[in-house]
Amino acid sequence: MDSFSSNRSRFEKLIQLFLSFNLDQKEIDETHHQHAKLVLRTFFIYMIFVSNVLIVTILMQSSQSFLITNTFEYHLIHRRFPVKATWLERDSFRNARTMYKSTFMIGFQQIATFQDIWQFMNETIGEVFLHSQQWMSKPSVTSQHSIHWILDHFLMIGVIRMRQVRVKAEKCNIPKSYSDEIADCYPAYSSEKKDTNSFGPITSSDSAEINSKKPWRYMSAKETGMNSYTGQYGKYDGDGYIVDLAQYDRTNRRFIKDLNELEKYHWLDKATRALFIDIITYNPSINLFSYIKLVFEMPLTGGIFPSHKIENRQLFRYVGARKYILIICEITIVIFTFIFLFVEIITIIKSKLKIFLSFWNWIDIILLIISIFLIIVNIYLLIQINSMLNHQLFIYLSTFDTSIVKLLRLQSLFDLFSVLLTSISIIRILKYCDFAVTLIRIKATIQRCFGDLIGFLIMFVAIMIAYAQFGNLVLGLQASDFSTVGKAFVALFRTVLSDFDYEDIRNAAPIVGPLFFFLYIFTMVFMLFNMVLAIIVDSYEELGNEHRDVISQMLINVTPFVKHSIQTFFERLRLWTKVKVLVHFIIRAEDSTNTKTIRDLLQEFKYSATSSSIYEELRQAFAHDMTKSISKKDFNAFLKYAHNDKDRQRDTLQSLFTGKKSLINFNEEQEWNTRANNLCTIQQWAQLRYRLTRLEELFDSIEGKIIYSMKTSENLLRTMPVSRKI
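Being a predicted model, the structure only gives us computed values, none of them experimental.

## What about helix H9 (residues 252-264)?
Turn by turn, an α-helix covers 3.6 residues, leaving residues three or four places apart pointing in a common direction.
Phase 1 of the analysis: Between its first and last C-alpha, H9 extends 18 Å over 13 residues, near the 18 Å set by a 1.5 Å rise per residue.
Phase 2 of the analysis: Asn252, Phe255, Asp258, Leu259, Glu261 and Leu262 are the residues of H9 that are buried.

Here's what the structure looks like:
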């Protein structure tokens, strides 16, 4: 039974050791040393976890990722290509094309027609990814297993994929007089309106070659292997009509042939609502995969709106010398995660639903969920990547491989949650910093003004919604930042941060726009945001002036424990005497600079005070000003005053009990008349409080003497009759 109890106590200590200890609760004075010891131990153990998380996050990021993005943007997005138009092909415009060649060239962002898209594919995509290729074959591989280099340093994985989503034609909702001439209309894209039927030459041709091709047949998201995409004008599913350009024959000739066939049979038309171009590359020099997605949205209002997204991910993380560091750190994170899980289960069993009432408990739960999710995703990634490397060499792919897209998407999710885990882990350090006075004041201030801030936030959001709605109705027809209520809300929030376009607002509504702008600035900046500052500052000042006991309850004083630990460490090395001499030498050297701190003053005053209560009162009053410097002159003057005041109190007590001086005469000698005729300063008021405290102690001493005299007299009176009888 005793062994069971000892094991149970060890088990409970182990739980406390690993972060189940509630640092928000202050222990009693008898266990303050153990309390501080547990706080520091828990803090340093948690810092081991944070350090490993930071190392893993830093190692999985590449400093070259931004440069790769700039490279592809320079060659794809900013590169200009000639406009293709029928009227420009005439002989009469030949000289104009030669003289003003740059005028008839556009870039990716200026694409506005289907002809521009086909020209972009031929001139830009073909030039970068196929025309400038280098084929390098080893003697041990066949000619069709050749490496496809791009821009000298990149490998193209598979081929280029084009995918479009379409909508069904429906009857136009127009007057009957127009319906005879206008037969069909094409709505905005949605899951209900999307087209799933075959189209183009496949519907009218009997050719087996055409009927077998994928571009004209609908494929589900499961067949395409693509995810949904949210653009500027809608959300598009992962299904649609796909074409893998130059499949099985990655040459520029085959690429141009496929494009010409698609353009000839009008693969893009009025029913197209979005076109996606997906390209995957790999840079072996820096071990990074790049996923390039070019998007052309075609809303029902007309026009083509291009956008792009370039993601660089590191799938092969366990390579090179740093793989050992990465493996050790990840194993450490896994161990900590299981410890956190075990502790959280024990805490839930003990506290039940009360665990959800604490902010830090919510942070612990979120941190635990993210850690478990990352462990599962990392194991799955390792299995899939090893399987891909064992079964195929991805650099020789001649088709578009959706498995790599899935891995890149999963790696992107892993990177996102890793950064989130790092951020939350760093924020959680504040939970274990109750030995820092500054952080304690910040936490206490936030706790005091949290309710007021929530109330203010509700009012702020309501006013912002009202302004956003008004801005959308007044400015939305002309200003793009106010075209929707959501965009207007974001634009107004940016306006508070001095990020706005006043000319755009004024041009959209010359009269109402400026009035709206200045009224919003006056209301939000000069009134509401100053109210936020007032709430926080008021709570901070109130905490500093009237609620020092709150800080004292939250503060954990670890200084005695640290001093004791340092002393014990040097005593074991038998160096404590030398270290102590060195410390005293340094202190004397600092004293020679003729400066002292309030901590030094109170330490000296401790031995001059009449009782410990006055010393404790002064120590609490100056708890947050201990490091402030005072001159040596003021330091000695205060000690002299305290020593003389102690002697005066002793002499006064002797005079009172010997009858040489009355209490009234004593009070008259304490400079009351001179102080009453002048204005009372803060220092004088503090001195008055100090003297009143001494006076109260004097009365307590007199009262004790009187009670003692009365009891002695009673005892004498009781013993007198007895002595007479004897």
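On we go.
## Here's the deal with the nonpolar core
Phase 1 of the analysis: Residues Tyr46, Phe49, Ile280, Leu315, Phe316 and Leu408 are the most contacted members of the largest nonpolar core, which totals 46 residues.
Phase 2 of the analysis: For this core, the elements supplying multiple residues, two or more each, are helix H2 (32-59), strand E12 (272-283), strand E13 (288-297), helix H10 (322-351), helix H11 (359-391) and helix H12 (402-427).
Phase 3 of the analysis: It is H11 that provides the largest number of residues to this core, a total of 10 residues.
Phase 4 of the analysis: When neighbours within four sequence positions are excluded, Leu315 is seen to be in contact with Phe289, Ile385, Leu407, Leu408 and Gln411.
Phase 5 of the analysis: Core analysis: the next-biggest nonpolar cluster, separate from the first, contains 42 residues, Phe108, Ile125, Ala246 and Ile277 among them.

## What to know about the environment of Arg161
Phase 1 of the analysis: Secondary-structure assignment places Arg161 in strand E6 (residues 160-166).
Phase 2 of the analysis: Residue Arg161 is classed as buried on the basis of its relative accessible area, which comes to 4%.
Phase 3 of the analysis: As a C-alpha pair, Arg161 and Phe276 span 115 residues in sequence and 8.0 Å in three-dimensional space.
Phase 4 of the analysis: Contacts of Arg161, omitting those with residues within four sequence positions, involve Thr224, Met226, Ile242, Val243, Asp244, Phe276, Ile277, Asp278, Phe400 and Thr402.
Phase 5 of the analysis: Looking at Arg161, its side chain comes within polar contact range of the main-chain oxygen of Thr224, at 2.9 Å.
Phase 6 of the analysis: A polar contact is formed between the side chain of Arg161 and the side chain of Asp244, at a distance of 2.8 Å.

## Examining the state of the cysteines
Phase 1 of the analysis: Under the criterion given, the structure shown has 1 disulfide.
Phase 2 of the analysis: Paired by a disulfide, Cys172 and Cys185 hold their sulfur atoms 1.7 Å apart. Taking the torsion about the S-S bond as the criterion, the Cys172 to Cys185 disulfide, at about 105°, is right-handed. A residue pair is termed long-range when its members are at least 10 positions apart, and Cys172 in the loop between strand E7 (170-171) and helix H6 (176-179) and Cys185 in strand E8 (residues 184-185) qualify at 13 residues.
Phase 3 of the analysis: By relative accessible area, which is 8% here, Cys172 ends up buried.

Definitions and limits used
Residues numbered from 1 in each chain as written. Predicted model: local features only at pLDDT ≥ 70, side-chain atom pairs only at ≥ 80, totals over all residues. Heavy atoms only, no water. Helix = DSSP H or I, 4+ residues; strand = E, 2+ residues; numbered from the N terminus. Expected span 1.5 Å × (residues − 1). Buried < 20%, exposed > 50% of the residue type's maximum accessible area, 1.4 Å probe, protein only. Core = buried A, V, L, I, M, F, W, Y, C linked by side-chain atoms within 4.5 Å. Contact = heavy atoms within 4.5 Å. Polar contact = N/O pair within 3.5 Å; in protein donor to acceptor, adjacent residues only side chain to side chain. Disulfide = S-S within 2.5 Å.

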